Amino acid sequence: MKLLLADDHALFRQALCHILSELGPGTTIVEAESLSKALALAQEHPDLDLVLLDLKMPDVQGIDSVYAFRERYPALPIVVLSASEDCDDIEAVLDAGALGFVPKSSPAAVLLGALRLVLEGVVYLPAQL
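Just so we're clear, the structure is a prediction, and the values are computed from it rather than from any experiment. (Residues numbered from 1 in each chain as written. Predicted model: local features only at pLDDT ≥ 70, side-chain atom pairs only at ≥ 80, totals over all residues. Heavy atoms only, no water.)

### Let's talk about the confidence of the model for the protein chain
- With 98% of its residues at a pLDDT of 70 or more, the protein chain shows a mean pLDDT of 94.
- Mean pLDDT values for the elements of the protein chain range from 78 in strand β5 (residues 60-61) up to 98 in strand β1 (residues 2-6). (pLDDT = per-residue confidence, 0-100. Helix = DSSP H or I, 4+ residues; strand = E, 2+ residues; numbered from the N terminus.)

### Side note on the pattern of salt bridges
- Under the definition given, this model contains four salt bridges.
- We note a salt bridge from Lys104 to Asp7, for which the minimum N-O separation is 2.9 Å. Here Lys104 is found in the loop between β7 (100-103) and α5 (108-119), whereas its partner Asp7 is found in the loop between β1 and α1 (10-20), with 97 residues between them in sequence.
- Accessibility expressed as a relative area gives 26% for Lys104, which makes it partly exposed.
- For Asp7, a relative accessible area of 1% corresponds to the buried category.
- The partner of Asp54 in a salt bridge is Lys104, and the shortest N-O contact between them spans 3.4 Å. Of this pair, Asp54 sits in strand β3 (residues 50-54) while Lys104 sits in the loop between β7 and α5; the two residues are 50 residues apart in sequence, bridging distant segments of the chain.
- For Asp54, a relative accessible area of 4% puts it in the buried group.
- Because the salt bridges share partners, they merge into one network encompassing Asp7, Asp54 and Lys104. (Salt bridge = Lys/Arg side-chain N within 4 Å of Asp/Glu carboxyl O. Buried < 20%, exposed > 50% of the residue type's maximum accessible area, 1.4 Å probe, protein only.)

### Considering the packing of α1 against α5
- Across the interface, α1 lies against α5 with an axial gap of 10 Å and an inter-helix angle of 65°. Classified by the angle between their axes, α1 and α5 sit roughly perpendicular to one another. As α1 packs across α5, the resulting crossing turns out to be right-handed. The residues of α5 that touch α1, namely those facing Leu16, Ile19 and Leu20, are Ala108, Leu111, Leu112 and Leu115.
- Considering only residue class, the contact of α1 with α5 consists of seven nonpolar, no polar and no charged. (Axes fitted to C-alpha atoms, helices over the stretch in contact; angles between N-to-C directions. Parallel < 35°, antiparallel > 145°, perpendicular 65-115°, else oblique. Left-handed = near helix turned anticlockwise from the far one by under 90°. Contact = heavy atoms within 4.5 Å. Nonpolar A, V, L, I, M, F, W, Y, C, P; charged D, E, K, R; others polar.)

Encoded structure:
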């Protein structure tokens, strides 16, 4: 399985890589610190299974990152990982085409469960909804 992790905080990405390795042996994680880098990496790695995407990075704010991925890679599943827990933000992200939304305040088990569901083709909705 190959995942693209896009978040502008290096320490957070490193911690997430450790957690994401629990998805199983052979899990490969490609990291990006910006939307532009994430889009370029998605082009370089057409075998991606999922994108884990932060909403706020230096070159994008809000759901524009989801729209950018949807436009260029419509079949690639997107799960948003965000500090926001606002129901309007969650609904907007899902309406934009993401298949899941995980608040950054969630425990690792919730994140892993959400990713497994999305990889199986199920939309993940956080408890806030």
